[in-house]
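Overview (structure and organization)
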Amino acid sequence: MMTSILRRGLSLFLLASVAACAPTQPLKVMSFNVRYPTDQGPTRWELRRPVMVATIREAKPDVIGTQELYQRQGEDLVQALPDYRWFGRDRRGGHGDEHMGIFYRADRVRLVRQGDFWLSDTPDQVASMGWGTDLPRMANWGVFETLGGKPRRFLFVDTHLPHRDEDAAARERGVALILSRLPAIAQDLPVIVAGDFNADPSSRVYAAMAGTLTDAWASAPHRTGPERTFHNFTGNADKRIDYLFVRGFTPTDAQVDARHEGTTYASDHFPVAVTLRFDQ
């Protein structure tokens, strides 16, 4: 009997060793401005929700950074997509306003720790505003660990920069703040920064991000879908303002998903999804 127990223990140990040595699976991430649910008429949330659910279900991203998410939208999505969980408080520190909600597949990654900060001169003050913006702006983040194969940890940051033309300086300062906080939060972990930056690739905001991290869409060898992401419910995107920036990963595939059902689109933005390979 002791021999049987020892054999069983050895078998379990070997299985665990093989699993630990197995290569880490590629990671798929998405940035998705979901559009708040206060619209009426043909763009109301109740009509858009099935298209958004279908988009996420087909893409199967492991982590999604959302913008303009309201709590009831988050609840609707995880009810329809039970593999997913989400977290984050809204820009005023509660759950009645816009969230930078981060969704993740609980069968693919484990949330290790999380936090947030505001884009202002007092970033640890909840709902703080700065630099002339008309609304509080923030970043939400989580450190995740992959499940299956060799466990790998990474940092995922999600943000939504100010949208007005006069907010150009505030966008630049917001990006500078995010980049300045990465070393302390990420330490030596690979990094993904997702968001609606409200800035095109010719902007100083983009230059700052792309000068420190890699634009995953631009560097992916295989890309599908339109390059531009904001289409205002027309289906004809005229601005590229949604991004995934990375460090410690090699992008392999990227997609901007223009899915629609008839004249119904999931949002006024197309989501950006990228498949990533850990560098080491």
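No experiment lies behind these values; they were computed from the predicted model shown. (Residues numbered from 1 in each chain as written. Predicted model: local features only at pLDDT ≥ 70, side-chain atom pairs only at ≥ 80, totals over all residues. Heavy atoms only, no water.)

**Some words on the side chain of Asp196**
Tracing the backbone shows Asp196 in strand β8 (residues 191-196). For the buried Asp196, no salt bridge exists, and the shortest N-O distance to an oppositely charged side chain is 6.8 Å, to Arg137. Here Asn33 takes part through its side chain, which lies 3.0 Å from a polar atom of the side chain of Asp196. Not counting residues up to four positions away in its chain, the partners in contact with Asp196 are Asn33, Gln67, Thr159, His160, Leu161, Ile241, Asp242 and His269. (Helix = DSSP H or I, 4+ residues; strand = E, 2+ residues; numbered from the N terminus. Buried < 20%, exposed > 50% of the residue type's maximum accessible area, 1.4 Å probe, protein only. Lys, Arg positive; Asp, Glu negative; His and termini not counted. Salt bridge = Lys/Arg side-chain N within 4 Å of Asp/Glu carboxyl O. Polar contact = N/O pair within 3.5 Å; in protein donor to acceptor, adjacent residues only side chain to side chain. Contact = heavy atoms within 4.5 Å.)

**Some details on helix α4 (residues 168-186)**
Look at α4: 27 Å from first C-alpha to last across 19 residues, which is about the 27 Å you get at 1.5 Å a residue. Where α4 is concerned, the buried positions are Ala170, Arg171, Gly174, Val175, Leu177, Ile178, Leu179, Leu182, Ile185 and Ala186. Buried-residue contacts for α4 involve β5 (109-118), β6 (138-146), β7 (153-160), β8, α5 (204-212) and β11 (242-247). One or two residues past the end of α4 sits Gln187, with phi positive at roughly 55°. (Expected span 1.5 Å × (residues − 1).)

**Some remarks on the sheet that holds strand β10 (residues 222-224)**
Across a sheet, paired strands are connected by hydrogen bonds in the backbone, their directions being either parallel or antiparallel. Here seven strands make up an open sheet; going across it, the order is β3-β4-β2-β1-β15-β12-β10 and the pairing mixed. The strands lining the two open edges of the sheet, one partner per strand, are β3 (84-87) and β10. On average, adjacent strands in this sheet sit at an angle of 20° to one another, irrespective of strand direction. As paired elements, strand β2 (residues 63-67) and strand β4 (residues 102-105) share three bridges and run antiparallel to each other. Among the inter-strand pairings, Ile64 is bridged to a residue of β4, identified as Phe103. (Pairing = 2+ DSSP bridges. Axes fitted to C-alpha atoms, helices over the stretch in contact; angles between N-to-C directions.)

**Re the pairing of β11**
Burial within β11 is extensive, with five of its six residues counted as buried. In this structure, β8 lies alongside β11, joined through six bridges in antiparallel fashion. Looking across to β11, one finds that Ala194 is bridged to Leu244. One ladder, built from two bridges, connects strand β9 (residues 214-215) with β11; its direction is antiparallel. In the sheet register, Thr214 faces β11, and the bridge partner there is Val246.

**Re the packing of aromatic side chains**
The geometry of two aromatic rings is summed up by the distance between their centres and the angle between their planes. Going through the model one piece at a time under the given rule, you end up with 14 aromatic pairs. Ring plane angle 50° and centroid distance 4.7 Å describe the contact between Phe249 and Phe278, whose orientation is recorded as tilted. Of this pair, Phe249 sits in strand β12 (residues 249-256) while Phe278 sits in strand β15 (residues 272-278); the two residues are 29 residues apart in sequence, bridging distant segments of the chain. For Phe278, a relative accessible area of 9% corresponds to the buried category. Joined through ring pairs, the aromatic side chains of Phe87, Tyr104, Phe144, Phe154, Phe249 and Phe278 make up one cluster. Of note, Arg181 hangs over the ring of Phe117, and the distance from its end group to the ring centre comes to 5.0 Å. The ring of Trp217 has Arg223 lying over it, and the distance from NZ or CZ to the ring centre is 5.6 Å. (Phe/Tyr/Trp six-rings, centres within 6.5 Å; stacked < 30°, edge-to-face > 60°. Lys NZ or Arg CZ within 6 Å of the ring centre and 35° of its normal.)

**Some details on the pattern of salt bridges**
Inspection of the entire model under this criterion finds 20 salt bridges. A salt bridge links Asp76 to Arg49; the shortest N-O distance between them is 3.0 Å. Residue Asp76 is located in helix α3 (residues 71-80), and its partner Arg49 is located in helix α2 (residues 45-59); the two are separated by 27 residues in the primary sequence. Residue Asp76 is classed as buried on the basis of its relative accessible area, which comes to 17%. Owing to a relative accessible area of 27%, Arg49 belongs among the partly exposed residues under this scheme. It is possible to trace a salt-bridge network through shared partners that takes in Arg91, Arg92, Asp97 and Glu98.

**Digging into the environment of Asp83**
One can find Asp83 in the loop between α3 and β3. For the pair Asp83 and Asp62, spaced 21 residues apart in sequence, the C-alpha separation works out to 9.9 Å. The contacts of Asp83, once residues within four sequence positions are left out, are Tyr104, Arg105, Ala106 and Asp107.

**Topic: the environment of Arg92**
Locating Arg92 in the fold gives a position in the loop between β3 and β4. Considered as a pair, Arg92 and Met138 are 46 residues apart in the sequence and their alpha carbons are 9.3 Å apart. The residues contacting Arg92, other than those within four sequence positions of it, are Asp97, Val126, Ala127, Leu135 and Pro136.

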